[in-house]
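Results of the structural survey
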Amino acid sequence: MPTNSEAADGNKRGASSSLVEVHGIDFIPHEERHGRPFDLFWVWMGSNVNYLSFTFGGLLILIGLSVWEAIIVTLLGNLWWIAVGWLSVSGPASGTPSVTVMRSMFGIRGNRVFGAGQGLVIGLFYEVINITVATFATLALFELVGFPIPPHAGWILLLAIAFLSYILSVYGYDAIVKASPYLSATLAIAFIVLGFFVIGSADFTFTPEPLGTKDHWAALLLGYAIVASGPLSWGTGADYSRYLPENTSKTAVAWWTALGGLIPTLFISIIGILAATAIDMTDPQLTIQEIVPPWFTPIFLGIVIIGCITNNAVVAYSAGLSAQGLGLKAPRVLMVLITAVIATGASYWLTFLSPGFLDTMEYALELTVTVLGPLIAIYSVDIILRRNRYNGIALNDERPGSPFWYSNGWFWPGVIAQIVGTTAAVLMANTTLYMGPIAQALGGADLSAIVAPILAAALYALLWYSSKPFADPKLRPGGAHDLQESTTQATEHNNRLEEH
């Protein structure tokens, strides 16, 4: 029989890693808030100590940049992690994930398209890529150690990878938070060892083929867009900060989130840049053997596998929340499982039936910056305009006439700004699959990650002030839904949730 103090402590934890988390996009009551801002560092580090940053670094050399140019572009592109950290401050303020907060900028119905819809599609893309890449790396690892997997049995391996990818997502927030430090440390140590081998083999006198002035600037801007696409894919900062107490320091939340993504991404990208001076980075899983001892090659493949699984755990968790944000009345766990089935099926097709299509999917992901750049810019500005005052209960009220119903469920300032920003980004983009007309006119220069977010942010601020969304008392911070009423409603809501 637990004591009163033990029971109270259990209520504060809310989502224990020994139990499946019951919360989804709903408001987290104040008595269930727990944790420290520093916990966010490990969550974001664990999801970003991965192979993708290594390949991005190598890609910068492949497009014609020098080592120092590639390092500077990597630093500038990863400054977007500051914006990701800024988005995280809305979690403790609202007690809800990002997909719920976005209802303030798109409306209840509009958010199902521009917040939840976009987030789910992009999340599924990343889930598929992670499972597929991890499966290929695992097949290579078994072959390397002398136990090749027969073609007809490869699907068993893929299912095992998928299971490991989703187990933390199913258990939820606390499981991810508690596992992140161990996964982060393991991957970080392995990458540090890799760094020693890379530095020992790097050609510090490396000089790329000279480019003309126009092509040189185009390569610099393209490199920036490639690097920026990494942090811009994380418009879900509030998902992992919403359990923190409401009075948590905004500065601490923002910086620990930003540093958790920035430090590993920057370090691993620089390793990739240096590696590209010594090996062909078009397929580093094979060529890495040229600069590391034989015993480290299996460890490198292990880095790829564990990094994909860790990244997928966080991606799938947010994708499940996005699926709930579509308006489907289903538990978070069910949504995670549904996305898992879809992503696993697609991964099987890519791995065993159409492996060449994997490259096409990876190239298609380059276009996500055209959607996510404007989205993160709008989200960042909304936090400033509302002074980070979000009412989690009001945001969860989806009834017509509710505070964030706006105009028949749509908030046109956000919708218009997103459409205009994305359109501008598409016209300016230069990717492997597609080059926009503006990029063509500029000789391949990709301005999508620079101009489009600025345009979307400025337009949203202008339209927001013109619409005066706080004219309705229910929308004003501290208005009709005050703190006590919010807490009471949240308690009633969560009691019903637990009964179901």
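Residues numbered from 1 in each chain as written. Predicted model: local features only at pLDDT ≥ 70, side-chain atom pairs only at ≥ 80, totals over all residues. Heavy atoms only, no water.

**Describing the overall build of the protein chain**
Helix and strand content of the protein chain: 24 helices and zero strands. Looking at the protein chain residue by residue over its 500 residues, the buried ones come to 58%. Long-range pairs, those at least 24 residues apart, make up 85% of the contacts in the protein chain with a sequence separation of at least 6. Carbon and sulfur atoms provide 68% of the accessible area of the protein chain, an area that totals close to 20,400 Å². (Helix = DSSP H or I, 4+ residues; strand = E, 2+ residues; numbered from the N terminus. Buried < 20%, exposed > 50% of the residue type's maximum accessible area, 1.4 Å probe, protein only. Contact = heavy atoms within 4.5 Å. Areas by Shrake-Rupley, 256 points an atom, 1.4 Å probe, with all protein chains shown as cover.)

**Considerations on helix α17 (residues 332-353)**
Between its first and last C-alpha, α17 extends 31 Å over 22 residues, near the 32 Å set by a 1.5 Å rise per residue. For α17, the complete set of buried residues consists of R332, V333, M335, V336, T339, A340, A343, T344, S347, L350 and T351. Along the axis of α17, the buried residues cluster in a sector spanning 160 degrees; they form a single face. Seen from the buried face of α17, the exposed residues on the opposite side, beyond 90 degrees, are V341 and L353. (Expected span 1.5 Å × (residues − 1). Arc of directions from axis to C-beta.)

**Thoughts on the nonpolar core**
Soluble globular proteins tend to pack their nonpolar side chains together in the buried interior. Within the largest apolar cluster, 134 residues are counted, with the highest numbers of intra-cluster contacts made by F54, L194 and Y460. At 15 residues, helix α16 (residues 297-325) tops the list of elements feeding residues into this core. Residues contacting L194, with those up to four places away along its chain left out, are F54, I271, I288, V292, F296 and F300. (Core = buried A, V, L, I, M, F, W, Y, C linked by side-chain atoms within 4.5 Å.)

**Quick notes on the side chain of N78**
Looking at the secondary structure, you find N78 in the loop between α4 (67-77) and α5 (80-88). Looking at N78, the relative accessible area reads 1%, which means it is buried. A distance of 2.9 Å separates a polar side-chain atom of N78 from the backbone oxygen of T74. (Polar contact = N/O pair within 3.5 Å; in protein donor to acceptor, adjacent residues only side chain to side chain.)

**Quick word on the environment of G200**
Along the polypeptide, G200 turns up in helix α12 (residues 173-201). On the basis of relative accessible area, G200 is assigned to the exposed category, the value being 68%. The spacing of G200 and I291 is 91 residues in sequence and 8.5 Å in space, taken between C-alpha atoms.

**Here's the deal with a nonpolar patch on the surface**
Nonpolar side chains collect at one region of the surface, where W412, I416, V420, I450, V451, I454 and L455 lie side by side and expose about 540 Å² of accessible area between them. Looking at the nonpolar patch, the elements that each hand over two or more residues are α21 (412-428) and α23 (448-467). Among the elements that line the nonpolar patch, the one with the most residues is α23, at four residues. Note on placement: L455 falls in helix α23. (Patch = residues over 30% accessible without salt bridge, like charges linked within 9 Å, V, L, I, M, F, W, Y side chains within 5 Å. Salt bridge = Lys/Arg side-chain N within 4 Å of Asp/Glu carboxyl O.)

**Some details on the confidence of the model for the protein chain**
Confidence in the prediction for the protein chain averages 86 pLDDT; 88% of positions are at 70 or higher. In the model, residues 1-18 has pLDDT below 50 throughout and makes 19 contacts with residues more than four positions away in sequence or in other chains. When the criterion is pLDDT under 50, residues 476-491 qualifies, and its contacts beyond four places in sequence or with other chains add up to 27 contacts. (pLDDT = per-residue confidence, 0-100.)

**Notes on the packing of aromatic side chains**
Following the criterion strictly, the structure yields 23 aromatic pairs and no others. Relative to W295, the ring of F197 lies with its centre 5.9 Å away and its plane at 75 degrees, an arrangement referred to as edge-to-face. A residue pair is termed long-range when its members are at least 10 positions apart, and F197 in helix α12 and W295 in the loop between α15 (284-287) and α16 qualify at 98 residues. A ring pair is formed by F411 and Y460, whose centres lie 6.4 Å apart and whose planes are at 85 degrees; its orientation type is edge-to-face. Here F411 is found in the loop between α20 (392-395) and α21, whereas its partner Y460 is found in helix α23, with 49 residues between them in sequence. Of the two residues, F411 and Y460, both sit in the buried class. (Phe/Tyr/Trp six-rings, centres within 6.5 Å; stacked < 30°, edge-to-face > 60°.)

**Some thoughts on unusual backbone geometry**
Only a minority of non-glycine residues have a phi that is not negative, and only a minority of peptide bonds are not trans. Even without being glycine, R387 reaches a positive phi, approximately 55 degrees. One non-glycine residue, N388, adopts positive backbone phi at about 55 degrees. You can see N388 is positioned in the loop between α19 (369-385) and α20.

**Observations concerning helix α10 (residues 116-144)**
For α10, with 29 residues, the first-to-last C-alpha span of 41 Å sits near the 42 Å given by 1.5 Å per residue. Taken from the residues just after α10, G146 is the one with a positive phi, measuring 95 degrees.

**Notes on the pattern of salt bridges**
Following the criterion strictly, the structure yields eight salt bridges and no others. A salt bridge links E21 to R242, with the nearest nitrogen and oxygen atoms 3.1 Å apart. Linking E21 in the loop between α1 (4-13) and α2 (38-46) with R242 in the loop between α13 (213-232) and α14 (250-275), this pair joins segments that are 221 residues apart in sequence. On the accessibility criterion, R242 (0% relative accessible area) is buried.

**Considering the side chain of S90**
With respect to the element layout, S90 can be found in helix α6 (residues 90-94). Judged by its relative accessible area of 0%, S90 is buried. Apart from residues lying up to four places away in sequence, S90 is in contact with G95, V101, A238, Y379, I383, N388 and Y390.

**Considering the packing of helix α11 (residues 154-171) against α17**
Between α11 and α17, the least distance of the axes is 10 Å, while the angle of their chain directions is 155 degrees. In terms of their interaxial angle, α11 and α17 are classed as roughly antiparallel. In this structure, α11 meets α17 at a crossing whose hand is right-handed. In this structure, α11 contributes G154, W155, L158, L159, A162, Y166, S169, V170 and Y171 to the contact, and α17 contributes R332, V333, V336, L337, T339, A340, A343, T344, S347, Y348, T351 and F352. (Axes fitted to C-alpha atoms, helices over the stretch in contact; angles between N-to-C directions. Parallel < 35°, antiparallel > 145°, perpendicular 65-115°, else oblique. Left-handed = near helix turned anticlockwise from the far one by under 90°.)

**Observations regarding the environment of N50**
Counting through the fold element by element, N50 comes out in the loop between α2 and α3 (51-62). N50 sits in the buried class, given a relative accessible area of 8%. Expressed as a C-alpha distance, the spacing of N50 and P264, which sit 214 residues apart in the sequence, is 8.3 Å. Apart from the residues lying within four places of it in its own chain, the contact partners of N50 are F191, I268, G307 and N311.

**A closer look at the environment of F197**
For F197, a relative accessible area of 22% puts it in the partly exposed group. Along the sequence, F197 and A275 sit 78 residues apart, while their C-alpha atoms lie 9.2 Å from each other. Beyond its immediate sequence surroundings of up to four residues, F197 is in contact with I291, V292, P293, W295 and F296.

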